[in-house]
Amino acid sequence: MKKNLGQIDLDTMEIQEGCVVWVPHRPKIKERFFMGFQDALIEIAKDPDITKESYRLLIFLFGHLDYENFIHITQKEIAKDLEMQPSHVSRAMSLLCKKYIVELAPGTGRTKCYRLNPHFGWKGKVTNLNEARKNQMKLIQGGLAKSEEEWASARMRESRQDGGDSSGTNDRPRDAA
């Protein structure tokens, strides 16, 4: 049995389709947060090439995510805050870039800007996440992964097959097709 809901305007006695729904106030979260995607994080944990320094750096970068996954902090600042050698920060960042966890993004001036791959986590509107993932899929070498859920796993496997070289070279195409 199909129900037809409506309401009546008491001034005009006109029947209006649909009904008003009361939505209770949702409490606001005061701390900064982002969405982390569990399957991708498990893939990171399983990867034997990821070093302790890379884990530390990744967690630190999670804490510095800006909207749309941009990360605006210099490697010098990271080294100071984490009390790491700048060369160790550079090596760890190169590894995260090689694994497609973090990518180099357009920056301003000489400062490098990074961006967290949207398959690993997201800070921003969910509708923008879907668009960012579509754009990311266009950048994959050799075509699309079987599904978006398999994206991170495919990237990690490809990186392992390349021998786990952490030179930081990132030879995937930069233009979206």
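Everything numeric in this text was worked out from a predicted model, so none of it was measured.

## Quick word on the environment of Phe70
Reasoning step 1: On the secondary structure map, Phe70 appears in strand 4 (residues 70–71).
Reasoning step 2: Look at Phe70 and you get partly exposed, because its relative accessible area is 22%.

## Here's the deal with the packing of helix 2 (residues 52–63) against helix 3 (residues 75–82)
Reasoning step 1: Packing of helix 2 against helix 3 brings their axes to within 11 Å, and their N-to-C directions diverge by 105°. The angle between helix 2 and helix 3 places the two elements in the roughly perpendicular class. In contact with Arg56, Leu57, Phe60 and Leu61 of helix 2, helix 3 contributes Ile78, Asp81 and Leu82.
Reasoning step 2: A breakdown of the residues in the contact of helix 2 with helix 3 according to their chemical character gives 5 nonpolar, no polar and 2 charged.

## Thoughts on unusual backbone geometry
The phi angle of most residues is negative, glycine excepted, and most peptide bonds adopt the trans form.
Reasoning step 1: At Asn69, a residue that is not glycine, the phi angle is positive and equals roughly 75°.
Reasoning step 2: Of note, Asn69 is situated in the loop between helix 2 and strand 4.
Reasoning step 3: The phi torsion at Glu83 lies on the positive side, around 55°, for a residue other than glycine.
Reasoning step 4: Within the fold, Glu83 resides in the loop between helix 3 and helix 4 (86–98).

## Digging into the sheet that holds strand 6 (residues 113–116)
Reasoning step 1: Strand order in the open sheet formed by 3 strands is 4-6-5, and the pairing between neighbours is antiparallel. Each of the sheet's edge strands pairs with one partner strand only, and the pair in question is strand 4 and strand 5 (102–105).
Reasoning step 2: As defined by bridge partners, strand 5 adjoins strand 6 across 4 bridges and the pair is classed as antiparallel. Note that in strand 6 the partner of Leu104 across the bridge is Tyr114.

## Points about the pattern of salt bridges
Where charged atoms from two side chains of opposite charge come close, those side chains can pair.
Reasoning step 1: In the structure shown here, the tally under the stated rule is 2 salt bridges.
Reasoning step 2: Salt-bridge contacts for Lys99 lead to Asp47; the nearest nitrogen and oxygen are separated by 2.9 Å. With Lys99 in the loop between helix 4 and strand 5 and Asp47 in the loop between helix 1 (38–46) and helix 2, the pair connects residues that are 52 residues apart, well separated along the chain. Asp47 shares its class with Lys99; the two are buried.
Reasoning step 3: Residue Lys99 pairs with Asp49 through a salt bridge whose shortest N-O separation is 2.8 Å. With Lys99 in the loop between helix 4 and strand 5 and Asp49 in the loop between helix 1 and helix 2, the pair connects residues that are 50 residues apart, well separated along the chain.
Reasoning step 4: A residue is classified by how much of its surface remains accessible, and Lys99, at 0% relative accessible area, is buried.
Reasoning step 5: Salt bridges here are not isolated pairs; linked through shared partners, they connect Asp47, Asp49 and Lys99.

## Some words on the packing of helix 2 against helix 4
Reasoning step 1: Axis separation between helix 2 and helix 4 bottoms out at 9 Å; the angle between their running directions is 80°. Classed by the angle they form, the pair helix 2 and helix 4 counts as roughly perpendicular. Facing Glu53, Ser54, Leu57, Leu58 and Leu61 of helix 2, the residues of helix 4 in contact are His88, Val89, Arg91, Ala92, Met93, Leu95 and Leu96.

## Brief notes about the nonpolar core
Reasoning step 1: Membership of the largest hydrophobic core comes to 26 residues, with the highest contact counts inside it found for Leu61, Ile78, Met93, Ile101, Val102 and Leu116.
Reasoning step 2: Secondary-structure elements contributing two or more residues to this core are helix 1, helix 2, helix 3, helix 4 and strand 6.
Reasoning step 3: Residues within four places of Met93 in sequence aside, it is in contact with Leu57, Leu61, Gln75, Ile78, Val102 and Tyr114.

## So, the packing of aromatic side chains
Reasoning step 1: Counted according to the given criterion, the structure contains 1 aromatic pair.
Reasoning step 2: With a centroid separation of 4.8 Å and an interplanar angle of 35°, the aromatic rings of Phe34 and Phe62 are classed as tilted. Within this pair, whereas Phe34 is found in the loop between strand 2 (15–17) and strand 3 (35–36), its partner Phe62 is found in helix 2, the two being separated by 28 residues in sequence.
Reasoning step 3: By relative accessible area, which is 26% here, Phe34 ends up partly exposed.
Reasoning step 4: Since its relative accessible area comes to 13%, Phe62 is described here as buried.
Reasoning step 5: Stacked on the ring of Tyr67, the Lys or Arg Lys123 has its end atom at 5.3 Å from the ring centre.
Reasoning step 6: Here the basic side chain of Arg133 rests over the ring of Phe37, its NZ or CZ set 4.5 Å away from the ring centre.

About the cut-offs
- Residues numbered from 1 in each chain as written.
- Predicted model: local features only at pLDDT ≥ 70, side-chain atom pairs only at ≥ 80, totals over all residues.
- Heavy atoms only, no water.
- Helix = DSSP H or I, 4+ residues; strand = E, 2+ residues; numbered from the N terminus.
- Buried < 20%, exposed > 50% of the residue type's maximum accessible area, 1.4 Å probe, protein only.
- Axes fitted to C-alpha atoms, helices over the stretch in contact; angles between N-to-C directions.
- Parallel < 35°, antiparallel > 145°, perpendicular 65-115°, else oblique.
- Contact = heavy atoms within 4.5 Å.
- Nonpolar A, V, L, I, M, F, W, Y, C, P; charged D, E, K, R; others polar.
- Pairing = 2+ DSSP bridges.
- Salt bridge = Lys/Arg side-chain N within 4 Å of Asp/Glu carboxyl O.
- Core = buried A, V, L, I, M, F, W, Y, C linked by side-chain atoms within 4.5 Å.
- Phe/Tyr/Trp six-rings, centres within 6.5 Å; stacked < 30°, edge-to-face > 60°.
- Lys NZ or Arg CZ within 6 Å of the ring centre and 35° of its normal.

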